[in-house]
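Listed below, chain by chain, are the residues.
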Amino acid sequence: MSTPDISHISSDDFSHIYEPAEDSFLFLDAIENELPTLKTLRPQICLEIGAGSGIVSTFLAKEIGFPIFCICTDINPRAVSITKTTGLKNNVSLEPIRTDLVSGLAERLRKRADVLLFNPPYVVTPSQEVGSNGIEASWAGGEDGREVINRVLPLVPQLLSDTGIFYMVVIKENKPEEIGSILGTAGLTMTTVLSRRSGPEFLSVLKFTR
Ligand SMILES: C[S@@+](CC[C@H](N)C(=O)[O-])C[C@H]1O[C@@H](n2cnc3c(N)ncnc32)[C@H](O)[C@@H]1O
């Protein structure tokens, strides 16, 4: 398995969009672990919310071994154009869309996402920092780092296909068990694919299935 080539992204770009870091690489490792399951599922549509550089969807599209339609959203316009280039540079075609979470797409994608990916802005910050469309949107999560996550949770059961899987990166401060019980009431079961400490952060990749 190889990490996607992101050498086309300049340091100036990375002052405007999220530079892949420990959380992104934990996400890639989790997807790698999940590849046997994903290959059996034969997903046709992947939706990534907050694709940033596009590294995560590019990795999935490259490694899955068959064509998959990857829709990648981001609130940050520069991330959207870089995601397209990251795909092309790695010989995969991604469909990046600039929107807030899945605005304008949710109805069309109802019960169609076979794989839903989200590495959210999860850092605990003052609420006033949430809601930009620049680099701060990469990390600012507001109270409990949950303010953006909490907007996505109700969308998950609507978007996932019957056999769909939702993968999300969290830190301990996001209260993963509480997220598990919120989605549990919508009929989804949570497991943890991988966890890793990185400096002060205890990161996990959660997996939700029906
Ligand atoms: C932690 S970064 C993850 C980037 C990339 N997926 C990765 O793993 O390296 C979070 C991303 O979510 C995007 N984002 C934040 N709020 C958003 C929103 N309301 N709608 C869409 N994207 C959003 C940010 O712009 C950023 O690219």
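Higher on the page you've got the structure.
Residues numbered from 1 in each chain as written. Predicted model: local features only at pLDDT ≥ 70, side-chain atom pairs only at ≥ 80, totals over all residues. Heavy atoms only, no water.

What about the overall build of the chain?
Within the chain, the regular secondary structure consists of six helices and seven strands. When the helices and strands of the chain are placed in sequence order, the string is α-β-α-β-α-β-β-α-α-β-α-β-β. Along the three orthogonal principal directions, the C-alpha set of the chain runs to about 40 × 40 × 35 Å. Out of the 210 residues belonging to the chain, those deemed buried represent 51%. (Helix = DSSP H or I, 4+ residues; strand = E, 2+ residues; numbered from the N terminus. Buried < 20%, exposed > 50% of the residue type's maximum accessible area, 1.4 Å probe, protein only.)

Focus: the site of the ligand
Neighbouring the ligand are 20 residues, the closest being Ser-24, Asp-74, Asp-100, Leu-101 and Asn-119. With respect to the ligand, the backbone of Ile-75 contributes an N or O atom lying 3.1 Å from a nitrogen atom. Bound to the protein, the ligand loses 97% of the 600 Å² it would expose on its own. Considered class by class, the residues forming the shell around the ligand number eight nonpolar, seven polar and five charged. (Near = heavy atom within 4 Å. Polar contact = N/O pair within 3.5 Å; in protein donor to acceptor, adjacent residues only side chain to side chain. Areas by Shrake-Rupley, 256 points an atom, 1.4 Å probe, with all protein chains shown as cover. Nonpolar A, V, L, I, M, F, W, Y, C, P; charged D, E, K, R; others polar.)

Quick notes on the sheet that holds strand E7 (residues 201–209)
Adjacent strands of a sheet pair through backbone hydrogen bonds, lying either parallel or antiparallel. One open sheet accounts for seven strands, arranged E3-E2-E1-E4-E5-E7-E6; its pairing is mixed. At either margin of the open sheet sits one strand with a lone partner, and together these are strand E3 (94–98) and strand E6 (189–198). Strand-to-strand twist in this sheet, taken as the mean axis angle between neighbours without regard to direction, amounts to 15 degrees. Packing of helix H1 (residues 22–41) onto the sheet brings it into contact with strand E4 (113–118), strand E5 (160–171), E6 and E7, and relative to E6 it is tilted by some 145 degrees. Across the sheet, helix H2 (residues 55–63) touches strand E1 (45–49), strand E2 (69–74), E3 and E4, and the angle it forms with E4 is around 145 degrees. (Pairing = 2+ DSSP bridges. Axes fitted to C-alpha atoms, helices over the stretch in contact; angles between N-to-C directions. Contact = heavy atoms within 4.5 Å.)

Some remarks on the pattern of salt bridges
Tallied over the entire structure, the rule returns eight salt bridges. Linking Asp-13 and Arg-78 is a salt bridge whose minimum nitrogen-to-oxygen distance equals 2.9 Å. Taken together, the residues Asp-13 in the segment before H1 and Arg-78 in helix H3 (residues 77–89) connect sequence positions 65 residues apart. A salt bridge links Lys-175 to Asp-144; the nearest nitrogen and oxygen atoms lie 3.3 Å apart. With Lys-175 in the loop between E5 and helix H6 (176–184) and Asp-144 in the loop between E4 and helix H4 (149–152), the pair connects residues that are 31 residues apart, well separated along the chain. By relative accessible area, which is 37% here, Lys-175 ends up partly exposed. (Salt bridge = Lys/Arg side-chain N within 4 Å of Asp/Glu carboxyl O.)

So, the nonpolar core
Residues Phe-27, Ile-31, Leu-38, Leu-60, Leu-117, Tyr-167 and Val-205 are the most contacted members of the largest nonpolar core, which totals 30 residues. Of all the secondary structure elements, the ones that give two or more residues to this core are H1, H2, E2, E4, E5 and E7. When sequence neighbours within four positions are dropped, the list of residues in contact with Ile-31 reads Leu-38, Val-56, Phe-59, Leu-60 and Leu-117. Core analysis: the second largest hydrophobic core is formed by 27 residues, Val-102, Ala-113, Val-152 and Leu-153 among them. (Core = buried A, V, L, I, M, F, W, Y, C linked by side-chain atoms within 4.5 Å.)

Concerning the packing of H1 against H2
The contact between H1 and H2 brings their axes to 10 Å, and the two run at 30 degrees. Here H2 runs roughly parallel to H1, going by the angle between their axes. The two elements H1 and H2 meet at a crossing, and its hand is right-handed. Residue-level contacts link Ser-24, Phe-25, Phe-27, Leu-28, Ile-31, Glu-32, Leu-35, Leu-38 and Lys-39 of H1 to Ile-55, Val-56, Phe-59, Leu-60 and Glu-63 of H2. Here the contact of H1 with H2 is composed, by residue class, of 10 nonpolar, one polar and three charged. (Parallel < 35°, antiparallel > 145°, perpendicular 65-115°, else oblique. Left-handed = near helix turned anticlockwise from the far one by under 90°.)

Quick word on the pairing of E2
Counting buried positions along E2 gives five out of six residues, so the element sits mostly inside the fold. In this view, the connection linking E1 to its parallel neighbour E2 by way of H2 has right-handed handedness. For E2 and E3, the ladder comprises five bridges, and the chain directions are parallel. Note on E3: the bridge partner recorded for Thr-73 is Ile-97. (Right-handed = clockwise from strand over helix to strand, strands pointing away.)

Considering unusual backbone geometry
Glycine aside, a negative phi is what most residues show, and trans is what most peptide bonds show. We note that Leu-101 has phi near 55 degrees; this positive angle belongs to a residue other than glycine. Topologically, Leu-101 is positioned in the loop between E3 and E4. Note on Leu-101: relative accessible area 10%, which makes it buried. In the Ramachandran plot, Lys-175 falls in the positive-phi region, its phi being about 60 degrees despite a non-glycine side chain.

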